[in-house]
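A closer look at the structure
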Amino acid sequence: MADHEEMRAKLGRKLVHQYKEAEGLLREGSETEKAVDLLESALKETSESFPKSIMESASYAELLLSYGKALLQTLREQETEDALLGPEVLKSIEAKDTAEHGDQKEAEASKADADAEDELEDEEAGEEGAGEEEAKGEEVGDGGGADEGGEAGEGGDADEGVEDARDGDAQVSFELAWEQLENARVIFDSLSERKDHRLAVVLETLGDFSMENDDFDLAAKDYQAAIDVRLKIESQESRAIGGLHHSRYLALRRIDPLKAIDSLNLAIQLFNRRIVKAKEENRLEDAEGEASLRDEMQEEVKAFSDAIEKATNGAVSGVGFGAQAAEGSKDAVTVQPRKKARLDDTSNAEEAKDVDGATDGKTEG
């Protein structure tokens, strides 16, 4: 958890209030764009109204971290929106508009034909009149085709323009999010008064960012770095560390199945120790909850191992497969991972304080 008292002393009540309001919006998963605006405003005021030395402080790093999280959340929401109301829905709407436009044109053409017939009744009948009518019909047909083709072409160009603009905006947001998170990492890592628990949160968020960017190798490295930091300051049975092992598994399963299984087994072993400890302390309800998560991960190990064995024609047996088999099964990711282990343990207040923020911005795999 960020040190609000320290932030208030450095930044003042107004900016800390903006920060806390934005953090609340991000936790609730609502009004993410408002959270982005609040944090952007706070960072701007901080850089313009305070000495430059403030930009090397933990308080400024907290603003950067939250801003990076908010941008990342915005990107996730945009991806979800594109999936739900994406190109197919837009095409459907456009098709409906085109059909309605076509019906209107057809009605206008019918009316024009009726008027033409009335005029012809007053003119001389015969082949000459029929020929003139046919010529008129051809002119109408040619004109309509040109209009429709032109409109279709313009619509296609507009669609491509909108899609290119959206892709460009997403790329800018990705780069901006990475800059905030990386700057926060540099600040936390350089502080004389160490804040390793906050550094671990930044590293985990960088891992989440790399996952969103499909850079699974870098995500695995970021998660491992977060594990290494937490092992220095927390119990080896920390739920946050268990969750990071699972996150690392989600990254590695796409590029190195052998190491992925190892990471998931480390998470299982950690939860086994937590179960034993909870039983020893007579926290049976907690033990039951931990066992449920452990069982899900054990099922996941089996399902993923079975998928790899099938993909490698039986060259892999259980989880004890070698590097060569793992290399041959890099594309064997047919089993979708279950939900990440949740780290919001409310039954243990002391531990919750230690790992607070470890799951901020988490996605479900």
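Residues numbered from 1 in each chain as written. Predicted model: local features only at pLDDT ≥ 70, side-chain atom pairs only at ≥ 80, totals over all residues. Heavy atoms only, no water.

We now examine the overall build of the protein chain. Scanning the protein chain from terminus to terminus reveals 13 helices and zero strands. Counting over 365 residues, the protein chain shows a buried share of 38%. The long-range share in the protein chain, meaning contacts at least 24 apart out of those at least 6 apart in sequence, stands at 68%. On the protein chain, roughly 20700 Å² of surface is accessible, and the fraction owed to carbon and sulfur atoms is 48%. (Helix = DSSP H or I, 4+ residues; strand = E, 2+ residues; numbered from the N terminus. Buried < 20%, exposed > 50% of the residue type's maximum accessible area, 1.4 Å probe, protein only. Contact = heavy atoms within 4.5 Å. Areas by Shrake-Rupley, 256 points an atom, 1.4 Å probe, with all protein chains shown as cover.)

A word on the pattern of salt bridges. This structure, assessed with the given rule, holds 18 salt bridges. Close ionic contact of Lys-34 with Glu-21 constitutes a salt bridge, the shortest N to O distance being 3.3 Å. Of the two residues, Lys-34 sits in helix α3 (residues 32-49) while Glu-21 sits in helix α2 (residues 13-28), which places them 13 residues apart along the sequence. Accessibility expressed as a relative area gives 37% for Lys-34, which makes it partly exposed. Residue classification places Glu-21 among the partly exposed residues on the basis of a relative accessible area of 30%. One network of salt bridges, in which partners are shared, links Asp-189, Arg-194 and Asp-196. (Salt bridge = Lys/Arg side-chain N within 4 Å of Asp/Glu carboxyl O.)

What follows covers helix α11 (residues 284-311). Three or four residues apart is the spacing at which side chains of an α-helix point the same way, because the helix has 3.6 residues per turn. Across its 28 residues, α11 extends 40 Å between first and last C-alpha, which sits within 8% of the 40 Å expected from 1.5 Å per residue. Of the residues trailing α11, Asn-313 is marked for its positive phi of about 55°. (Expected span 1.5 Å × (residues − 1).)

Another point: the side chain of Asp-222. Tracing the chain through its elements places Asp-222 in helix α8 (residues 216-233). Arg-185 is the oppositely charged side chain nearest to the buried, salt-bridge-free Asp-222, at an N-O distance of 6.9 Å. Other than its neighbours up to four places away in sequence, Asp-222 contacts Leu-203, Leu-206, Gly-207 and Ser-210. (Lys, Arg positive; Asp, Glu negative; His and termini not counted.)

Take Gln-18: it is sitting in helix α2. With residues near it in sequence (within four places) discarded, Gln-18 still touches Leu-38, Ser-41 and Ala-42.

Moving on to a negative patch on the surface. Taken together, Glu-33, Asp-37, Glu-40 and Glu-77 make up a surface patch of like negative charges. Along the polypeptide, Glu-40 turns up in helix α3. (Patch = residues over 30% accessible without salt bridge, like charges linked within 9 Å, V, L, I, M, F, W, Y side chains within 5 Å. Charge placed at Lys NZ, Arg CZ, Asp CG, Glu CD.)

What follows concerns the packing of α2 against α3. Across the interface, α2 lies against α3 with an axial gap of 9 Å and an inter-helix angle of 155°. Between α2 and α3, the interaxial angle falls into the category roughly antiparallel. When the axes of α2 and α3 are compared, the crossing they make is left-handed. Contact residues: Lys-14, Leu-15, Gln-18, Tyr-19, Glu-21, Ala-22, Leu-25 and Leu-26 in α2; Thr-32, Lys-34, Ala-35, Leu-38, Leu-39, Ser-41, Ala-42, Glu-45 and Thr-46 in α3. Broken down by class, the residue content of the contact of α2 with α3 amounts to nine nonpolar, four polar and four charged. (Axes fitted to C-alpha atoms, helices over the stretch in contact; angles between N-to-C directions. Parallel < 35°, antiparallel > 145°, perpendicular 65-115°, else oblique. Left-handed = near helix turned anticlockwise from the far one by under 90°. Nonpolar A, V, L, I, M, F, W, Y, C, P; charged D, E, K, R; others polar.)

To continue, consider the environment of Gly-68. Counting through the fold element by element, Gly-68 comes out in helix α4 (residues 58-84). Judged by relative accessible area, which is 0%, Gly-68 ranks as buried. C-alpha separation for the pair Gly-68 and Trp-178, spaced 110 residues apart in sequence, amounts to 6.8 Å. Discounting residues that sit within four places of it in the chain, Gly-68 has contacts with Ala-177, Gln-180 and Leu-181.

Moving on, we get to the environment of Ser-49. Structurally, the position occupied by Ser-49 is in helix α3. For Ser-49 and Leu-11, which are 38 residues apart along the polypeptide, the C-alpha to C-alpha distance reads 9.9 Å.

Time to look at the nonpolar core. Within the largest apolar cluster, 67 residues are counted, with the highest numbers of intra-cluster contacts made by Met-7, Leu-11, Leu-39, Leu-63, Phe-188 and Met-211. By residue number, the principal contributor to this core is α4, which donates eleven residues. Contact partners of Leu-39, with chain neighbours within four places excluded, come to Tyr-19, Ala-22, Leu-63, Ser-66, Tyr-67 and Ala-70. (Core = buried A, V, L, I, M, F, W, Y, C linked by side-chain atoms within 4.5 Å.)

Counting across every chain of the model gives two aromatic pairs. Summarising the aromatic geometry, the rings of Phe-174 and Phe-209 are spaced 5.5 Å apart at their centres and angled 70° between planes, so their arrangement reads as edge-to-face. Of this pair, Phe-174 sits in helix α6 (residues 127-190) while Phe-209 is found in helix α7 (residues 196-212), placing the two residues 35 residues apart along the sequence. Each of the two residues, Phe-174 as well as Phe-209, counts as buried. Between Tyr-249 and Phe-304, the aromatic rings sit 5.8 Å apart at their centres with planes inclined by 80°, giving edge-to-face as the arrangement. (Phe/Tyr/Trp six-rings, centres within 6.5 Å; stacked < 30°, edge-to-face > 60°.)

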